[in-house]
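Below are the chains, spelled out letter by letter.
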Amino acid sequence: QVQLVESGGGLVQAGNSLRLSCAASGRTFSSYNIGWFRQAPEKEREFVSGISRNGGRYYADSTKGRFTISRDNGKNSVALQMNNLKPEDTAVYYCAANTALMSRGVTDYDYWGQGTQVTVSS
């Protein structure tokens, strides 16, 4: 099992940046695929970005070119650098983990953090 804790959320103006972190417990972190998802009020949870255990990076069309995902297996952590933020990026951001295939699907992840709020003002 793995436990995930997100941090780094906050309130920023449009055009600015935030860096989210996902810290994981457990000795087998390197064997997990990690996904970042977000959920805005009254909307479904959606895929934002993911990084496979082999280091492959994946992005939603809405975040490609603005967000960068990275992982540090030595520190059991994954970071999501978010640049040029837009009001439509406002949501609770969650990191999630699985040991199967890298996926954009919410239901394909076994472990979830508690989420961190990102609010982008216009």
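Preceding block: the structure.
About the criteria used
Residues numbered from 1 in each chain as written. Predicted model: local features only at pLDDT ≥ 70, side-chain atom pairs only at ≥ 80, totals over all residues. Heavy atoms only, no water. Helix = DSSP H or I, 4+ residues; strand = E, 2+ residues; numbered from the N terminus. Buried < 20%, exposed > 50% of the residue type's maximum accessible area, 1.4 Å probe, protein only. Contact = heavy atoms within 4.5 Å. Pairing = 2+ DSSP bridges.

Draft legend 1. Quick peek at the environment of Cys95. For Cys95, the location among the structural elements is in strand E9 (residues 91–98). A relative accessible area of 0% places Cys95 in the buried class. With 48 residues separating them in the primary sequence, Cys95 and Phe47 have C-alpha atoms 9.9 Å apart. Once you skip the residues sitting within four places of it in the chain, Cys95 turns out to touch Leu4, Glu6, Cys22, Gly35, Trp36, Tyr111, Trp112 and Gly113.

Draft legend 2. Layout of the pairing of strand E4 (residues 33–39). Of all seven residues making up E4, six are buried, and the element is well covered by its neighbours. Examined bridge by bridge, E4 and E9 share seven bridges and lie antiparallel to one another. Each residue of the ladder has a partner; that of Gln39, found in E9, is Val92. As judged from the five bridges shared by E4 and strand E5 (residues 46–51), these two strands associate in the antiparallel manner. For Arg38, the partnering residue across the bridge sits in E5 and is Glu46. Between the antiparallel neighbours E4 and E5 lie six residues, among them Glu42 with a positive phi of about 65°.

Draft legend 3. Local environment of the pairing of strand E3 (residues 18–24). Burial along E3 is one-sided: Leu18, Leu20, Cys22 and Ala24 are buried, while Arg19, Ser21 and Ala23, pointing the other way, are not. Both strand E1 (residues 4–7) and E3 contribute to a ladder of four bridges, which runs antiparallel. Looking across to E3, one finds that Glu6 is bridged to Cys22. Bridge count between E3 and strand E8 (residues 77–82): six bridges; the pairing is antiparallel. What sits directly across from Leu20, in E8, is Leu80.

Draft legend 4. Up close: unusual backbone geometry. The backbone of Glu42 sits at a positive phi, close to 65°, despite the residue not being glycine. On the secondary structure map, Glu42 appears in the loop between E4 and E5. Positive phi values are uncommon outside glycine, yet Asn76 reaches one of about 55°. Looking at where Asn76 falls in the secondary structure, it is placed in the loop between strand E7 (67–72) and E8. For Asn76, a relative accessible area of 16% corresponds to the buried category.

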